[in-house]
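Structural description and commentary
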Amino acid sequence: DKGLRFTVCLAELVGGRMGLVMACVNCGKVGLTTAVRYALTRRQFRVGNQAESLIMDYPIHQQRLIPCLAILYSLQCAAHHIQHLWISRSDELMERLQQMKTIHFISSGLKVKQTSPGTLRTVNSTKEFQ
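Residues numbered from 1 in each chain as written. Predicted model: local features only at pLDDT ≥ 70, side-chain atom pairs only at ≥ 80, totals over all residues. Heavy atoms only, no water.

1. Some words on the overall build of the protein chain
Within the protein chain, the regular secondary structure consists of four helices and two strands. When the elements of the protein chain are put in sequence order from the N terminus, they spell out α-β-β-α-α-α. In the protein chain, which comprises 130 residues, the share counted as buried stands at 31%. Excluding contacts between residues fewer than 6 apart, the proportion of contacts in the protein chain whose partners are at least 24 apart in sequence is 65%. (Helix = DSSP H or I, 4+ residues; strand = E, 2+ residues; numbered from the N terminus. Buried < 20%, exposed > 50% of the residue type's maximum accessible area, 1.4 Å probe, protein only. Contact = heavy atoms within 4.5 Å.)

So this is what it looks like as structure tokens:
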């Protein structure tokens, strides 16, 4: 059956897509962790006799960091969901192939989202926050 053969071929690609999805999430976590830690320690702009303020206290800095953090959390949840689907695959061939189709669709969408210019811009912009 051609459809079955195609599904088996796609199933082999899913592991690589999952690895890419997890790698993107981990890169984002490292970048945002560094940016948030820096924002919570870096002080600037003394006003009069007051102590310098943390840059995280400034709304513009929060508006730049917090949406990136929210996106990363949602992508992390999606990555864990697909990882769970992968681990809990059935041993029965036809059921397993159907599960692999589902995993393939989800992993393809996540790969597109996580390697899109907007997501890559998020990781690159964390360098600017420091």
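The structure having been displayed, the exposition proceeds.
2. With respect to the side chain of histidine 104
On the secondary structure map, histidine 104 appears in helix 3 (residues 93–114). With relative accessibility at 11%, the residue histidine 104 sits in the buried group. Setting aside residues no more than four positions away along its own chain, histidine 104 makes contact with Leu10, Val14 and Arg17.

3. Description of helix 1 (residues 2–39)
With 38 residues, helix 1 extends 55 Å from end C-alpha to end C-alpha; this agrees with the ideal 56 Å at 1.5 Å per step. Its maximal kink placed at leucine 13, helix 1 deviates by approximately 25°. (Expected span 1.5 Å × (residues − 1). Bend = angle between axes of the 7 residues up to and from the residue.)

4. Details of a nonpolar patch on the surface
Taken together, the side chains of Leu4, Val8, Leu93 and Met94 make up a nonpolar region of the molecular surface, amounting to roughly 340 Å² of accessible area. Counting only elements with at least two residues in the nonpolar patch, the list comes to helix 1 and helix 3. Within the secondary structure layout, methionine 94 lies in helix 3. (Patch = residues over 30% accessible without salt bridge, like charges linked within 9 Å, V, L, I, M, F, W, Y side chains within 5 Å. Areas by Shrake-Rupley, 256 points an atom, 1.4 Å probe, with all protein chains shown as cover. Salt bridge = Lys/Arg side-chain N within 4 Å of Asp/Glu carboxyl O.)

5. Considering the packing of aromatic side chains
Scanning all chains against the criterion turns up zero aromatic pairs. Sitting above the plane of the tryptophan 86 ring, arginine 89 keeps its charged end 3.8 Å from the centroid. (Phe/Tyr/Trp six-rings, centres within 6.5 Å; stacked < 30°, edge-to-face > 60°. Lys NZ or Arg CZ within 6 Å of the ring centre and 35° of its normal.)

6. Points about the confidence of the model for the protein chain
The share of residues in the protein chain with pLDDT of 70 or more is 89%, and the mean pLDDT across the chain is 81. Mean pLDDT across the elements of the protein chain ranges from a minimum in helix 4 (residues 117–128), with 63, to a maximum in strand 2 (residues 53–54), with 88. (pLDDT = per-residue confidence, 0-100.)

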